[in-house]
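# Structural overview for review
Here's the letter readout for the chains.
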Amino acid sequence: MKADPVAQLTLLDVQTADAKADQLRHQLANLPELARIAELTAERTELDNATRDVRIKVDDLSVEQRQVDAEVEQVKARRTRDQQRLEAGQVTKPADIERMQHEMVSLERRIAKLEDDELEVMQQVEDAQAELTELTARVTNIDVELESLAKSRDEKAGVLEQQLADQVSDRTGLIADMPAELLALYERLRAAKGGVGAAMLRARRCEGCMLTLDNAELAQIKQKPADEVLRCEECQRILIRTDESGL
Ligand SMILES: [Zn+2]
């Protein structure tokens, strides 16, 4: 392939601009905030799930609490009714009186048992609510940190995006007069070879693969016309001659 030596030299500037742009894209994709945001977002999802579970628990316990409350009231009402009937002298037969007194003793035991249950459920409601408060506080802390991270991420990204836009614009200027064939070869090599498609031959060394060319290769290169597009025999990249090539 032949290409104007000036275009070949410009290709090195394109390569530099592309390398800078790649670096900026890498920085953008790897902002330290992003890892922390992902970590916190995952943690927040877990906390949301835990919060939902505890809310269900609080609701269930509240239902249970109301049921126990209602049952206590019901048994107490029955005790009061029995008490009133006895006091009003409505029960007269000794056997009936004795039966009712037995019943009242068992009602007392039932009430005591239900009141214990009531206390236990109340304690469970209290524990679940404390858990809910703690989870809510943790979610709030995460949200505050996420907000601050997002702000910092956006600020850094804004600066990097501007720098990237500048690089892209510089590159557009550089490739304006670039022969299409040379540019296509460069792009293909750049994609295949870790972002470096063209390298300078500097002090007898290919700056793409960092290998020094031997005398035979250098002798061959010296004979090539200036508009010949050279390729590094080792890494296949476009090799560009400059005053610093050591030829
Ligand atoms: Zn090379």
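In what follows, the accompanying structure is described. (Residues numbered from 1 in each chain as written. Predicted model: local features only at pLDDT ≥ 70, side-chain atom pairs only at ≥ 80, totals over all residues. Heavy atoms only, no water.)

In this section: the environment of V58. If you trace the backbone, V58 turns up in helix α2 (residues 32-87). Residue classification places V58 among the buried positions, given a relative accessible area of 9%. Between the C-alpha atoms of V58 and R99, which are 41 residues apart in sequence, the distance is 41 Å. Those residues within four positions of V58 in sequence are excluded, and the remaining contacts are A128, Q129 and L132. (Helix = DSSP H or I, 4+ residues; strand = E, 2+ residues; numbered from the N terminus. Buried < 20%, exposed > 50% of the residue type's maximum accessible area, 1.4 Å probe, protein only. Contact = heavy atoms within 4.5 Å.)

We now examine the environment of M210. Relative to the helices and strands, M210 resides in the loop between β2 (205-206) and α5 (215-223). It is 9.6 Å that separates the C-alpha atoms of M210 and A199, two residues lying 11 residues apart in sequence.

Note that R190 resides in helix α4 (residues 180-192). Discounting residues that sit within four places of it in the chain, R190 has contacts with Q15, D18, D22, G195, V196 and G197.

With that settled, the discussion passes to the sheet that holds β2. Taken in spatial order, the four strands line up as β2-β1-β4-β3 in an open sheet, and their pairing is mixed. Here the strands that pair on one side only, and so sit at the sheet edges, are β2 and β3 (230-231). In this structure, strand β1 (residues 198-202) lies alongside strand β4 (residues 238-241), joined through four bridges in parallel fashion. Within the sheet, the bridge partner assigned to A199 lies in β4 and is L239. Packed on one face of the sheet, helix α1 (residues 5-29) meets β1 and β4 and runs near 120° to β4. Running at roughly 120° to β4, α4 makes contact with β1, β3 and β4 of the sheet. (Pairing = 2+ DSSP bridges. Axes fitted to C-alpha atoms, helices over the stretch in contact; angles between N-to-C directions.)

Such coordinate-based values are descriptive only and should not be taken to indicate function.
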